[in-house]
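Spelled out, the chains give:
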Amino acid sequence: GYEFGEDTIRELEAIARRAGPAIDNARRFREARQLADLDALTGLHNRRYFHETLDREVARATRYDRKLALLVLDLDDFKGVNDRIGHLAGDAVLAGAAERIRDVVRSADIACRVGGDEFGVILPEASLADADQLYQRINDAVSARPIGEAGRVRLSGGVAELRSEDDPVSFFERADEALYRAKNAGKGRIVAAQ
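Computed from a predicted model, the values in this text were never measured in an experiment. (Residues numbered from 1 in each chain as written. Predicted model: local features only at pLDDT ≥ 70, side-chain atom pairs only at ≥ 80, totals over all residues. Heavy atoms only, no water.)

A.B. asks: Looking at this structure, how should I read the overall build of the protein chain?
C.D. replies: Helices and strands together make up the secondary structure of the protein chain, namely six helices and five strands. Scanning the protein chain from its N terminus toward the C terminus, one meets helices and strands in the order α-α-β-α-α-β-β-α-β-α-β. Here the C-alpha atoms of the protein chain give a radius of gyration of 22 Å, more than 25% beyond the 16 Å that 2.2 N^0.38 yields for 194 residues. When its C-alpha atoms are laid out on the principal axes, the protein chain stretches across 80 × 45 × 30 Å. Looking at the 194 residues of the protein chain, the share that counts as buried comes to 43%. Contacts in the protein chain between residues at least 24 apart in sequence constitute 66% of all its contacts with a sequence separation of at least 6. If the 30 positive side-chain charges of the protein chain are averaged to one point and the 35 negative ones to another, these points end up 2 Å apart. (Helix = DSSP H or I, 4+ residues; strand = E, 2+ residues; numbered from the N terminus. Rg over C-alpha atoms; globule rule 2.2 N^0.38 Å. Buried < 20%, exposed > 50% of the residue type's maximum accessible area, 1.4 Å probe, protein only. Contact = heavy atoms within 4.5 Å. Lys, Arg positive; Asp, Glu negative; His and termini not counted. Charge placed at Lys NZ, Arg CZ, Asp CG, Glu CD.)

A.B. asks: I tried to follow the nonpolar core on my own but got confused; where do I start?
C.D. replies: Nonpolar side chains in soluble globular proteins tend to be buried together. If you look at the biggest cluster of nonpolar residues, it comprises 31 residues, and the most contacted ones within it are L71 and I138. Sorting the residues of this core by element identifies β1 (68-75), α3 (78-85), α4 (87-104), β3 (118-124), α5 (128-143) and β4 (155-161) as the ones contributing at least two each. Tallying contributions element by element places α4 first for this core, with six residues. I138 has contacts with L71, L73, I101, V104, V105, V121 and L155, leaving out every residue within four places of it along the chain. Residues L54, A160, L162 and A182 belong to the second largest nonpolar core, which totals 22 residues. (Core = buried A, V, L, I, M, F, W, Y, C linked by side-chain atoms within 4.5 Å.)

A.B. asks: What should I look at first to understand α5 in this one?
C.D. replies: Between the first and last C-alpha of α5 there are 22 Å, a value that for 16 residues agrees with the 22 Å anticipated at 1.5 Å per step. Turning to α5, its buried residues number three or more, namely A131, L134, Y135, I138, N139, A141 and V142. For α5, the arc enclosing every buried residue in end-on projection is 160°, short of the 170-degree limit, so these residues lie on one face. Packed against the buried residues of α5 are β1, α4, β3, β4 and β5 (190-192). (Expected span 1.5 Å × (residues − 1). Arc of directions from axis to C-beta.)

A.B. asks: Honestly, the environment of I147 in this entry has me stumped. Any pointers?
C.D. replies: Following the sequence through the fold, I147 ends up in the loop between α5 and β4. As a C-alpha pair, I147 and A97 span 50 residues in sequence and 7.4 Å in three-dimensional space. Ignoring any residue separated from it by four or fewer positions in sequence, one finds I147 in contact with A92, V93, G96, A97, R100, V142 and V153.

A.B. asks: Which parts of the structure should I look at to understand the sheet that holds β5?
C.D. replies: Think of a sheet as strands paired side by side through backbone hydrogen bonds, with each pair either parallel or antiparallel. Spatially, β2-β3-β1-β4-β5 is the arrangement adopted by the five strands of the open sheet, whose pairing is mixed. Edge strands, defined here as strands with exactly one partner in the open sheet, are β2 (110-115) and β5. Put simply, the sheet's adjacent strands are angled 20° from each other on average, direction ignored. Of the pairings in the sheet, the one linking β4 to β5 comprises three bridges and is parallel in character. Of the residues in β5, the one forming a bridge with G158 is V191. The strands that α5 touches are β1, β3, β4 and β5; relative to β4, the one it contacts most, it runs at about 165°. (Pairing = 2+ DSSP bridges. Axes fitted to C-alpha atoms, helices over the stretch in contact; angles between N-to-C directions.)

A.B. asks: Before we go on, may I ask you to explain the pairing of β4 in this structure?
C.D. replies: Across a regular strand the side chains alternate sides, sitting on one face of the sheet and then on the other. By the criterion of burial, β4 is predominantly enclosed, with six of the seven residues buried. The sheet contact formed by β1 and β4 spans seven bridges and is antiparallel. When the bridges of β4 are listed, V72 appears paired with G158. After leaving β4, the chain enters helix α6 (residues 168-184) and then returns to the sheet as β5, a path that is left-handed. (Right-handed = clockwise from strand over helix to strand, strands pointing away.)

Now the structure itself:
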């Protein structure tokens, strides 16, 4: 039931006029930061965000002696898809695959487009077995039905679990090397890092 006096109302209005632009700038900064972290084509986090987050998660897992797994994925024969249907249609395939990946990862997982047709998923508090199960869910979601003009698309994957001697670079390189072994072994499969 308290009523503000005219002087108080004028003071509050003056404060609101000064605070409004600052609040608007903070909102714009937050939106710009979110856009800077996202890949425009797929809506997943981008490569820079992936590596920053991987650095942070490796440090956290090492500090608190927690599990951490990394899954690196690549669309099989994607160059042939682009050659056959064109790059614009190929972009639609990447966006469709990214949407299916986003639909099956856990809320704690960090899914990113690492580059080209390669994706990475950081799995905090997860083991190799957890990452293998995630690969199976992602592969099923991506390959279960056609994506655009490309038809059915398959994925190869490499997975690694953080070791005590790993730093973020060696951790990523182990998972990435496992991905290339999966592709060399016939594609459409997952291989664990050595």
